[in-house]
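Close look at the chain arrangement
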Amino acid sequence: MTTMALNLWQQMRMQTAIWISLAAVLFAVLVGLALVASMGVPLSDAIVAFADGAWGSPYAIAASINRALALGLVGIGFVLANRANLTNVGGEGQIALGGIAATAMSLYGGASHLPGPLPFIVPMIAAALAGGVWGGIAGVLKAKVGTNEVISTLLMSFIAIWLVYWCVQSEVLLRQPMNNTATLPESLEIPDVTKLPLLTGDPGMPLHWGLPIALVLAVIVAIVLDKTVFGLRLRAVGLNPTAARRAGIAIVPSILLVLFLAGALGGLAGSFMLQGEQYSLKARFSSGYGFDGLVVGLLARGSVPGVIASALLFGFLRSGGINMELAAGVPSAIVMVIQGIIILTLAGAAFWMERKKSGK
Amino acid sequence: MQLAEHPLEAGAAAVMEPPPLLSLRGMGKRFGSLQALDGVSVEIASGEIHCLLGENGAGKSTLCNLVFGVYQPDAGVMQFGGREYRPSGPADALTQGIAMVHQHFSLVPDLSVVDNLLLGQARGILKRGECAQRVRTLSENYGLALDPFARIRDLSVGERQRVEIVKCLMREPRLLVLDEPTAVLLPIEIEGLLQVCQRVAAQGCGVVLVTHKLAEIKKIAHRVTVLRGGRVVATSNDPANEIDLLVRAMIQRDLEGLDASASAMFGAPATDAPEQDREIGHRIEDEALQVNGLTVRDAEGVARLDNFTLIVNRGEIVGIAGVEGNGQSELAAVLAGMLPATDGRFFVAGKNMTGKSPQEVTAAGVGVVPEDRHAVACITGMSLAENLFLNRLDRFKRWGLLDRKALRESARALMQEFDVRAAGPDLSFGSLSGGNQQKAVLGRELTTEGLVLLLAAQPTRGLDVGAVEAVYGQIRKACERGVGVLLISSELDELISVADRIVVLYRGRIMGHCVAHASERERIGAMMAGHVE
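Residues numbered from 1 in each chain as written. Chains lettered and ligands numbered in written order. Predicted model: local features only at pLDDT ≥ 70, side-chain atom pairs only at ≥ 80, totals over all residues. Heavy atoms only, no water.

**Concerning unusual backbone geometry**
Phi at R301 of chain A takes a positive value of approximately 50 degrees, unusual for a residue other than glycine. The topology assignment puts R301 of chain A in the loop between α11 (289-299) and α12 (304-328). For N307 of chain B, which is not glycine, the phi dihedral falls at a positive 50 degrees. Relative to the assigned elements, N307 of chain B resides in strand β13 (residues 303-313). (Helix = DSSP H or I, 4+ residues; strand = E, 2+ residues; numbered from the N terminus.)

**Considerations on the sheet that holds strand β14 (residues 317-321) of chain B**
Residue and element names in this part refer to chain B. One open sheet accounts for 6 strands, arranged β17-β20-β21-β14-β22-β23; its pairing is mixed. The two strands at the open ends of the sheet, each matched to only one other strand, are β17 (366-369) and β23 (509-515). For this sheet the average axis-to-axis angle between neighbouring strands, irrespective of direction, equals 15 degrees. Pairing analysis gives 5 bridges linking strand β20 (residues 453-457) to strand β21 (residues 484-488), with the strands arranged parallel. Bridge assignment links L453 to a residue of β21, and that residue is G484. In this fold helix α17 (residues 434-446) packs onto β17 and β20, with an angle of close to 170 degrees to the strand it touches most, β17. (Pairing = 2+ DSSP bridges. Axes fitted to C-alpha atoms, helices over the stretch in contact; angles between N-to-C directions. Contact = heavy atoms within 4.5 Å.)

**Digging into the environment of V503 of chain B**
Residues and elements named next belong to chain B. Along the chain, V503 turns up in strand β22 (residues 501-506). In this structure V503 comes out as buried when scored by relative accessible area, which is 0%. Distance from V503 to K356, taken between C-alpha atoms, is 25 Å for residues 147 residues apart in sequence. Discounting chain neighbours no more than four positions away, the residues touching V503 are L310, V318, G319, I320, A321, I510, G512 and H513. (Buried < 20%, exposed > 50% of the residue type's maximum accessible area, 1.4 Å probe, protein only.)

**Quick notes on the nonpolar core**
In this structure, L281 of chain A together with L454 and I502 of chain B are the most contacted members of the largest nonpolar core, which totals 149 residues. Residues contacting I502 of chain B, with those up to four places away along its chain left out, are G319, A321, L495, I496, G512, H513, C514, A516 and I524 of chain B. Core analysis: the next-biggest nonpolar cluster, separate from the first, contains 53 residues, L169, L185, A201 and V224 of chain B among them. (Core = buried A, V, L, I, M, F, W, Y, C linked by side-chain atoms within 4.5 Å.)

**Re the domain arrangement of chain B**
Residue and element names in this part refer to chain B. When its domains are assigned, chain B resolves into domain 1 (2-97 + 173-252), domain 2 (109-171) and domain 3 (274-528). If you average the C-alpha positions of domain 1 and of domain 3, the two centres end up 34 Å apart. Contacts between the two partners involve 10 residues from domain 1 and, on the opposite side, 12 residues from domain 3. Of the roughly 880 Å² buried at the junction of domain 1 and domain 3 (both faces included), carbon and sulfur atoms supply 56%. Taken together, domain 1 and domain 3 are joined by 0 salt bridges. One can count 0 residue pairs in polar contact (both at pLDDT 80 or more) joining domain 1 with domain 3. When grouped by side-chain class, the residues that make up the side of domain 1 that touches domain 3 number 4 nonpolar, 3 polar and 3 charged. (Domains from an automatic or database assignment. Buried area = accessible area lost by both parts, 1.4 Å probe. Salt bridge = Lys/Arg side-chain N within 4 Å of Asp/Glu carboxyl O. Polar contact = N/O pair within 3.5 Å; in protein donor to acceptor, adjacent residues only side chain to side chain. Nonpolar A, V, L, I, M, F, W, Y, C, P; charged D, E, K, R; others polar.)

**Thoughts on the packing of aromatic side chains**
Counting across every chain of the model gives 5 aromatic pairs over all chains. Centre to centre, the rings of F80 of chain B and Y85 of chain B are 5.5 Å apart; their planes meet at 50 degrees, and the pair counts as tilted. Of the residues examined, F80 of chain B reaches a relative accessible area of 4% and is grouped as buried. Take Y85 of chain B: its relative accessible area is 1%, and that puts it in the buried class. A centroid spacing of 5.0 Å and a plane angle of 75 degrees characterise the contact between F389 of chain B and F396 of chain B, whose relative ring orientation is edge-to-face. Each member of the pair, F389 of chain B together with F396 of chain B, is buried. Site record: aromatic cluster; members linked through ring pairs are F50, W55 and F316 of chain A. Directly above the ring of Y279 of chain A sits K195 of chain A, whose terminal nitrogen or CZ lies 4.3 Å from the centroid. Over the aromatic face of Y289 of chain A sits the side chain of R318 of chain A, whose NZ or CZ is 4.3 Å from the ring centroid. (Phe/Tyr/Trp six-rings, centres within 6.5 Å; stacked < 30°, edge-to-face > 60°. Lys NZ or Arg CZ within 6 Å of the ring centre and 35° of its normal.)

Here is the structure:
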């Protein structure tokens, strides 16, 4: 009876949370529109351009969803690590490492000569491992020396970003052969067999295999977090490491594993971006997806469905924003403003709900 | 004294001649499904020491928090100094002349006493000298010895509490509320605190003291209000002579029926009966724990625990006496596998467990009831069921998933066995009263598989009579089935009545061994203070 009442209460809170999130998004969009209007751009032009870019064509929809994939994977990794009270802000670096590994494996690792679906699977795995190791290093630092993982993952991101630069600048590494003076500092395009196959086979709707893979991973992570002993232990470690240690929960392996997994999801995001969209490694390969993914994770407040929702929101916002700049001359930075307002509003709402809950 | 059938009548009957300083009428407060307070009426006069008595979860703290404006009441009217009183928050309560000393202190450890006092008040330039002078004056007036420029970090718990009290007194309150102030203090510090309360009251300030130690009530209370289940169940204008009745009202049982050791701890005379029981009861000769020259040095190289050697047999309760901070925490931490020893070894049932992890220590059959429940024993943000099986969650794995149903059912069984009172196993652990939390921790540790040794550090701290009795009962029961018990406590009376023999620790070293008998009280006391005979 009491349990039922409790569940009902939680459901109600869940619903309120969803409504608050929707209200925050609406508010932020209204502010964004007001800003557009204040710049003297006709609102209708901006809205049409935004809608065109975000969901105006099958291609636009697919592009938005592909953006959401990368954001969502990083966000899921964030939520996973956050369950153990670890804050992984290194998504950007983990994406970069994933991109490097996927490129190397596709071009020079011999992946393209493998049979069946292996040519595109092997680079994906390599990317996940590379991202995982990058996250795992932060885990080792945390477990052995107590380095704050916020600082270590962030700084390792910068190292990774410059590693990408180095890779595409040096012919010994991943730069394409310099045949003439016009060769850009980027890698060769990866062989077709290593590209992620399209779901529909229609290039006008470039949804690729990353989508189902990411969805399966999301379901697995959600189950692991909420329905397994391991998930419960992670929560114990996050809430009270001392008590968890006394209760015989191995803290160090938990930290290592969870940061490795978060990094692996980031690395996988990098592989999706490379093998599913960009096809060659460029200097500005990741361009902020890691940091946006972190925000997606933050907004989800620990829930995997929340990650999916906010990743989709941000994916569509980004696509729409880019087109708004191209077609209507509104700086796409306006999308950043909207993102910022959403975050602030939600954080404020969360704070307010906590206060109400504690009965003050 | 009167037992209240109807709370409002009780309030009306207790009206004194001069208008009361603070009057509460029909106060109600609900948290979720829990009615924490229900129609509580209390009156407090100037210059009066009014004790609030009640078991854990009776609503004492909630009532104090309503008065101090931490919570807003759902029902009821408050009057302070003859006017309606409706504090919007603690700051408002302070301005209106009500100050409160909480169970948990809010001091910045790295700042000095004076800086901490100035934190909440100063604008502009800090007048440290002036403040220090006021601290000294207050110290003298109320007997609160304090060095105004000492760092909080270097102060004992008792001294920190004095800082909190000075912080309150600097506001010159008309009412001072102290929420279980003696729970954290040493016997000698308690004495001092009670004197401070008396002096504060003598200055015309009203004092509300939350406690469940009857000895304190006997000593200083002018009036007592007993709460149970969020209601006023009794009031007394002559508490010193009505202790028995108050206890009966508090727990609805007679004091004579209580566990003898529980009543000893709460100031009632203990009979010698259990001593004889003990002689017959155990003595199954077999080592549960052997400690060989255990030494712990801190970062500065000071020996916190110095060459500690001890044997605990199965079916025996060995008490570790000593003023806190004399190596008990280090001893408990090493034996629990939480702290590496600098030197020495220890064996559990003949197996060397030195330097093993907490997990291995538990696997060897050691149950641990840690000193700091919230930091080490439980996770307040998780449910009761999850906490009850925190160290053996694997038991509920089914096809890789967590079998919540089985977990819930096992939790219910354990709750029943150890009398953990909560609405259900899914309740958040943090919402349980201290007594029920401790019973849950004890239940978990006593059901450790292959239990050989129970390590209990200050297991009854902050608990009320009923819970203390339950904890002792469970410890004795374990002992009877052949578990060795190492009981660390700073309550000498508790050790004398529960343990078979007592080892006294002073500055990390064993000062001496005694049988646990009231006649050894003086000797143990002297050894605790560092005197060797």
